[in-house]
Each structure stands twice: as structure tokens, then as C-alpha cells.
Amino acid sequence: MCGITGYIGDDEALPRVLSGLRNLEYRGYDSAGVALVDPASGAITTYKRSGEVDALVDATPEQSPSRCAIGHTRWSTHGPPTDENAHPHADCHGRVAVVHNGIIENYETLRAERDGCTFTSDTDTEVIPHLIEKRLAAGDDPITAVRAASDRLTGSFAFCALVDGFAGLLAVRNDSPLVIGHGDDGTYLASDVTAFLDRTRSVTYLEDGDIAAVDDGVSVYRNGESIEPTTETIEWDADAAEKGGYDHYMHKEIHEQPQALRQTISGRLDIDGGDVDIELSIPSAHLDSLEEIQFVACGTSYYAALYAARLCETLADVRTTVTIASEYDFEGGRDPWRTLTIAVTQSGETADTLSAIRAANQAGARTLAVTNTLGSTVTREVDDSVFIRAGPEIGVAATKTFAAQVSTLALVAVYIGRRRGTLSTARASTLLENLREVPGAVQQVLDTEADIEAIAAEYADSDAFFFIGRAFAHPVALEGALKLKEISYDHAEGFAAGELKHGPLALVTEDTPVLATLTNGGRAEKTRNNIKEVQARGAPVIAATSGANGTHIDERCPVPDVGLLESLVANVHWQLFAYHVAAHKGRPIDKPRNLAKSVTVE
Ligand code: M6R
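Worth saying up front: this structure is predicted, and the values here are computed from it rather than measured. (Residues numbered from 1 in each chain as written. Predicted model: local features only at pLDDT ≥ 70, side-chain atom pairs only at ≥ 80, totals over all residues. Heavy atoms only, no water.)

Asks: Got a minute to help me understand the pairing of strand 3 (residues 44-50) in this structure?
Replies: Residues in a regular strand point their side chains to alternate faces of the sheet. The pairing of strand 2 (residues 31-37) with strand 3 spans seven bridges and is classified as antiparallel. Paired with V37 across the bridge in strand 3 is I44. Adjacent in sequence and paired antiparallel, strand 2 and strand 3 are bridged by six residues, among which G42 carries a positive phi angle near 80°. (Pairing = 2+ DSSP bridges. Helix = DSSP H or I, 4+ residues; strand = E, 2+ residues; numbered from the N terminus.)

Pasting the structure below:
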């Protein structure tokens, strides 16, 4: 989810690459860098800085003779946002510079090979220039060296390299986008067309496995064969292009979920061994004596925490509490040494959550942050951090980060359960297998968008909307209602399905659609009784259902079977429902009134 730019042509490369980085910066990055080739000597010079592109601009020369350069804006996944971790990364001899998107899953194995190489960053990226360097030393030409290096990488990634001996740009795409722009003044390479849309609309999209060599011309190799690249013209304006052709960031981010979730779990699942590889170092003595996990969070993150708490209780057999962060106190009767307090926060900057985690720290509890933002305030205040790797989320309404939070917290639950000896290998393997299937299941739901859009149009003008669910479907009912009220301004409430009859049923009429989540892990058989109660009062029922859970329902939104994670997948229907109701009403979806993406006041 970082941004890659590259340029080769007749004009000065530095301003073009910097302009590309500025065009990508709307995604909210944390460090940036460029590498320039000297046209006389072929030497590569690199400049990089943590912070915004402005900081990099201050560090680069006013003018440079270079006609070939690469650049990068980083959204950190491996290593904090420091100068050293910023891209481009180099080999030991300054012959190779690489900018990279995505995750190299086997980077630890590759780093361990070392072969006399010196690594200067914490990143997964740095293995790439060293692999290329080794192939060059073995006598490969630059294109063969890049191909050989990429053959050794696993994961989803795209990279662009400057390599001594090739006067141009070399690039590889593998499950992460890369596009070539054919300008009058030269050729551009980027992870996203917005980088160069002000220069050219004529583009070639690379496909997975493609290797591109760009110098005076453009060569593309697929399966070892040279192919004729196809060129197309982009019709979008710059604003639409930033949103990938969607009308709103929220819509784009809903659709990014399969890719984001693949990134969340990338390199972290050991399905056969029933274990996970996450960046946690909680001492085993602490886990053995653990009596309680406390979750603290706000808004959507609070609902993700509710889902996670149930996973921890079910899988790790440990007592949990989930507290709205602004209501948190480290209350009596608890032993701080036997408590783990987990802050769930996308931004890592929410004041209420920070205040709760400070209270836990003060009491002496062990603290952990689950966040999307490396280097955020919360990561500096806790003992451990685990990153959800969802990439930047711009829409105020959280969507892909909810899915990535729950998925990451599922990994944490497995980590704790396995180390406490309370979770069997078989059970852990089943959950991890389900987790592996979630991105595909989410895609299946996204593929049915036209159906939920039609349902949204039919019910958009209702008096109010009630979301119901039990167990794992309960947090999803709460989240579904929050999403709808946040962006459509309609009255929406989420209830534990069994609670309806204890009061809220009085509000149910034929003009209050009830949106039910009927999933495995969501006690669907019981929720069906509650559905009958509302149907008897004339309420229309729209149900997200898996397997045979949705028989006798009029409006059925199918959910693939992924065990305890089905409710997480069902939530995508409610995201799309909220989006289309709000779009139908012409609401300012990405910036709803009175709300901010990051709430830094208590
Ligand atoms: O950055 P955080 O996850 O700490 O933010 C917490 C809430 O402010 C946030 O989830 C909010 O509820 C969302 N805008 C809801 O879509």
C-alpha cells in the first residue's frame, strides 16, 4: 500500500519523481525517498527522509542532471518510519536501488542467508537489492538478475529497481499493482496512475509475473517470453483516479478488503502447525499466569474488540472485558501482573484510547496495541504492538480496518491460546484455514453488490433500521448500525437479537427494516426466533446468511462458510448497504458531518 514512482526520459527526472510522490501522498504516508542515476558516471545517489514528501524535497538538490530516477512513499509495515527504513534500499556496493510495495513473506529466511551482506534497515524490502547484487556478482545481466531475485521472493509485491549495467528502470509485478505511463517527455512507472496522470493518460498495466525493462523503449516479459505490451487510455479525471474510479474513498476501501486482508495475514499463518508468526514478545510466564485480557477501544474499533474478546474466550479460554476507552479505569479486584490490556485503534492517536492505555500502564498491567499506524503515539506507550497492515484508510467511516483488526486479533487469540496450552493444534488450524479463506469470501460478497444496492434503494426511505445478531454476529449488528447512521444520518440501532423482546420490539413497525446476521458462530437458530417476532409485527427482514441459516427469509444476502469468521464476512453486506443508502441520499460519504477520521480530544 506504499507508493512507487519512476521516470526515464529527456527531462530532469527529480522533479517528475517528486511530483509523482506528491500525487500519491493523499494516501497519507510516513516517509519518502528517491534514487537518481548520474547520466555521466551511472552512479546511483539516494535521498530519503521520514515524514512527509516536503521533508524529502528539503533534502534533495535544487537541480540534478539525472534523467532516470525512482521514488517511494512508505506506509510502514516492517520497521518504524525512520530515515533508514525509508525506500529506496540499496545493495552493499551502491550498484542497485529498489523501491517496493507489499510484503516479502520469506524475508527473514532470505536475510538469514546474509552471504556477507550488511543490512542497514528493519525492512523486508532490503533483501531484494542484496539478492540482485548476488546475481550480478555471479555474472547475470541486470534483467536476468532481477528475474532470479524475484523468483526467490514469496508474498504479494511489486518493485522497481535501478541496476548498474541497465540504463533505465526494471520492474516486477506480483499481486501488487504497477503501471507504465507513456508520456511525450519520457516513460513513467508507478503503483497508481495518479502518480503521473498530469503527464500522460496513455498507460500499460502490468500483469502478475510480468517483468518490465524501460529504457529508450518498453519491453515486457511474461513467463520468460517477450510480449507486446497493450496500451490503453485513462478517461478518469485526477479526482476519480485517486479513488481508483470509485465515487468515494469509502467505496474503494470496501472493495480493497480482499487485498488488505491478504496483506494482514501474509507470512503470519502456520496452518499445519496451528500457530501464527506475529511480532509479539509477551513473556511466557506472563501468558501462563494471565487471568484477564482487557480490551479498550472506541467506535468501530470497540466493535472489533468485542469480536476479538469472544474469539479469545472461545479459543484461548481466557476471561476478557471490553471497555469503551473513555469509560475505562483499572478497577479493583484485578492483579495488574495477571492482566493484559489491549488497545485497538486504527489511527493509534485516539485520545480516549491513549488515556485508557496510560491508566493501564500506570496500574502496572502489560499493554499491547493493535493498530494500523506504525510510529503512532499508541505504539510508543505500550509494551508490544501488532500491525493490522490494512494500508491507509481515508474515508471517515472505517471499513477495511475493521476487517483487518478482527483478523489480526484472531491471530493474537491463536498466539495466546497456543502459548497457554488452551488451544489445540487442530482447532487453531481450523481457525487459521478459515482466516486464509476470508479474503476470497469477502470477494464473493463484493461480487453480489448489485443485489444489496437494489435492497438499499428499496428501503432507503424507511423510518429507522435495526440490526440484530447474537454471539459473533452481535458486534457486527452494532457495527452495521454505526456505519449506516454515520454516513446516511438515518436512525439505526444494533441489538443483541435476544434483547429485542425486552424493550426495542416496541419500536418495530412495517417501516423499520430489520437487518439480521445469521451465521455459524452467530447462534442463527435462536436469532431465527427473533426474526419471527419482528415479522409478526410486519417488519421486513434482510438477512446476511451462511449455509442453510437463511431459509424462510425474503431478502437473503449470502455469506460463504468460514466458521467463526462468517460474521466478519457478513459485515461486508452491511457496509455496502450503508454505502448505497447514503449514496442514494446524496450524503457526503467520505466526510460525514460532525465527524473526524482521528479523534484526538477526550
Ligand atoms: O483510530 P481509532 O480506531 O482509534 O478510531 C476509533 C473511532 O473513532 C473510529 O472507529 C470511528 O468510530 C469510525 N469513524 C467509525 O467508522
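Asks: What exactly am I supposed to notice about a positive patch on the surface here?
Replies: Together, R310, K501, R523 and K526 make up a positively charged patch on the protein surface. Mapped onto the fold, K501 is located in the loop between strand 24 (492-496) and strand 25 (514-518). Note on K501: relative accessible area 45%, which makes it partly exposed. (Patch = residues over 30% accessible without salt bridge, like charges linked within 9 Å, V, L, I, M, F, W, Y side chains within 5 Å. Areas by Shrake-Rupley, 256 points an atom, 1.4 Å probe, with all protein chains shown as cover. Salt bridge = Lys/Arg side-chain N within 4 Å of Asp/Glu carboxyl O. Lys, Arg positive; Asp, Glu negative; His and termini not counted. Charge placed at Lys NZ, Arg CZ, Asp CG, Glu CD. Buried < 20%, exposed > 50% of the residue type's maximum accessible area, 1.4 Å probe, protein only.)

Asks: Explanation requested: empty space enclosed by the protein in the structure shown.
Replies: Where empty space is left becomes clear once a probe the size of a water molecule has been rolled over the atoms. Tallied over the full model, the rule gives five cavities of 30 Å³ or more. Taken as a whole, the largest cavity spans an internal volume of roughly 100 Å³. If you tally residues by element for the lining of the largest cavity, the top one is strand 6 (residues 96-104), at four residues. (1 Å grid on protein atoms, 1.4 Å probe; cavity = no way out; pocket = protein on both sides within 12 Å on 5 of 7 lines; lining within 4 Å. Points joined across faces, edges and corners; volume = space filled by probe spheres on them.)

Asks: Can you help me understand the sheet that holds strand 7 (residues 155-163) in this one?
Replies: Each strand in a sheet pairs with its neighbour through backbone hydrogen bonds, running either in the same direction (parallel) or in the opposite one (antiparallel). Taken in spatial order, the seven strands make up an open sheet running 5-6-7-8-12-13-14, and their pairing is antiparallel. Across the chains shown, the open sheet's two edge strands, defined by having one partner strand only, are strand 5 (89-90) and strand 14 (225-227). Summarising the sheet, strand 8 (residues 169-174) and strand 12 (residues 211-214) pair through four bridges and their orientation is antiparallel. Pairing of L169 across the sheet is with V214, part of strand 12. Each of strand 5, strand 6 and strand 7 touches helix 4 (residues 127-137); the most contacted strand, strand 6, lies at about 130° to it. (Contact = heavy atoms within 4.5 Å. Axes fitted to C-alpha atoms, helices over the stretch in contact; angles between N-to-C directions.)

Asks: Looking at this structure, I do not really get the packing of helix 16 (residues 473-488) against helix 18 (residues 566-584). What am I missing?
Replies: At a minimum axis distance of 9 Å, the contact between helix 16 and helix 18 shows a crossing angle of 15°. Between helix 16 and helix 18, the interaxial angle falls into the category roughly parallel. Where helix 16 crosses over helix 18, the handedness of that crossing is right-handed. In contact with A473, V476, E479, G480, K483, L484, I487 and S488 of helix 16, helix 18 contributes S567, L568, N571, W574, F577, A578, Y579, V581 and A582. Of the residues contributing to the contact of helix 16 with helix 18, the split by class is 11 nonpolar, four polar and two charged. (Parallel < 35°, antiparallel > 145°, perpendicular 65-115°, else oblique. Left-handed = near helix turned anticlockwise from the far one by under 90°. Nonpolar A, V, L, I, M, F, W, Y, C, P; charged D, E, K, R; others polar.)

Asks: I'm lost on the site of the ligand in this one. Help?
Replies: Contacts to the ligand come from 13 residues, most closely from S301, T345, Q346, S347 and T350. Between the ligand and the protein, one listed contact pairs an oxygen atom with a side-chain N or O atom of S347 at 2.6 Å. Burial of the ligand by the surrounding chains reaches 90%, relative to a free accessible area of 410 Å². According to the grid-proximity analysis, the pocket containing the ligand is the second largest pocket. (Near = heavy atom within 4 Å. Polar contact = N/O pair within 3.5 Å; in protein donor to acceptor, adjacent residues only side chain to side chain. Sits in = over half its atoms within 2 Å of the grid points.)

Asks: Help me out: how do you make sense of the side chain of H87 in this one?
Replies: Among the secondary structure elements, H87 is positioned in the loop between strand 4 (68-74) and strand 5. For H87, a relative accessible area of 3% translates into the label buried. Side-chain polar atoms of H87 contact the side chain of H72, separated by 3.4 Å. Those residues in contact with H87 that sit more than four places away from it in its chain are A32, G33, V34, K48, H72, R74, V98, V99, H100 and T125.

Asks: It is not clear to me how the environment of A596 should be interpreted in this structure. Could you clarify?
Replies: Relative to the helices and strands, A596 is located in the segment after helix 18. It is 27 Å that separates the C-alpha atoms of A596 and A195, two residues lying 401 residues apart in sequence.

Asks: Explain the pattern of salt bridges to me, please; I cannot follow it from the model alone.
Replies: Oppositely charged side chains can form a pair if their charged atoms are brought close together. With the rule as written, the count across this model stands at 27 salt bridges. Between R222 and D210 there is a salt bridge whose closest N-O contact spans 2.7 Å. On the criterion of sequence distance, the pair formed by R222 in strand 13 (residues 218-222) and D210 in the loop between strand 11 (202-205) and strand 12 is long-range, its members being 12 residues apart. E433 serves as the salt-bridge partner of R436, at 2.5 Å between the closest nitrogen and oxygen. Here E433 and R436 lie together in helix 14 (residues 425-446), a separation of three residues that amounts to about one turn. Salt bridges linked by common partners bring D11, R16, D185 and R199 together as one network.

Asks: What should I look at first to understand the pairing of strand 20 (residues 339-345) in this one?
Replies: For strand 20, a buried count of seven out of seven residues is recorded, marking the element as mostly surrounded by other parts of the structure. Here strand 20 shows no split at all, with T339, T341, A343 and T345 on one side and L340, I342 and V344 on the other all buried. Bridge count for strand 20 against strand 21 (residues 366-371) is six bridges, and the pairing is parallel. Bridge pairing in strand 21 places T341 opposite T367. A crossover links strand 20 with its parallel partner strand 21, the connecting element being helix 11 (residues 351-363), and its sense is right-handed. (Right-handed = clockwise from strand over helix to strand, strands pointing away.)

Asks: How should unusual backbone geometry be read in this particular structure?
Replies: Keep in mind that most residues, glycine aside, have a negative phi and that most peptide bonds are trans. The peptide bond linking H87 to P88 adopts the cis configuration, its omega dihedral lying at 5°. The backbone phi angle of N223 is positive, close to 50°, even though this residue is not glycine. Here N223 shows up in the loop between strand 13 and strand 14. With a phi close to 45°, R523 is a non-glycine residue in the positive phi region. Tracing the backbone through its elements, the reader meets R523 in the loop between strand 25 and helix 17 (524-536).

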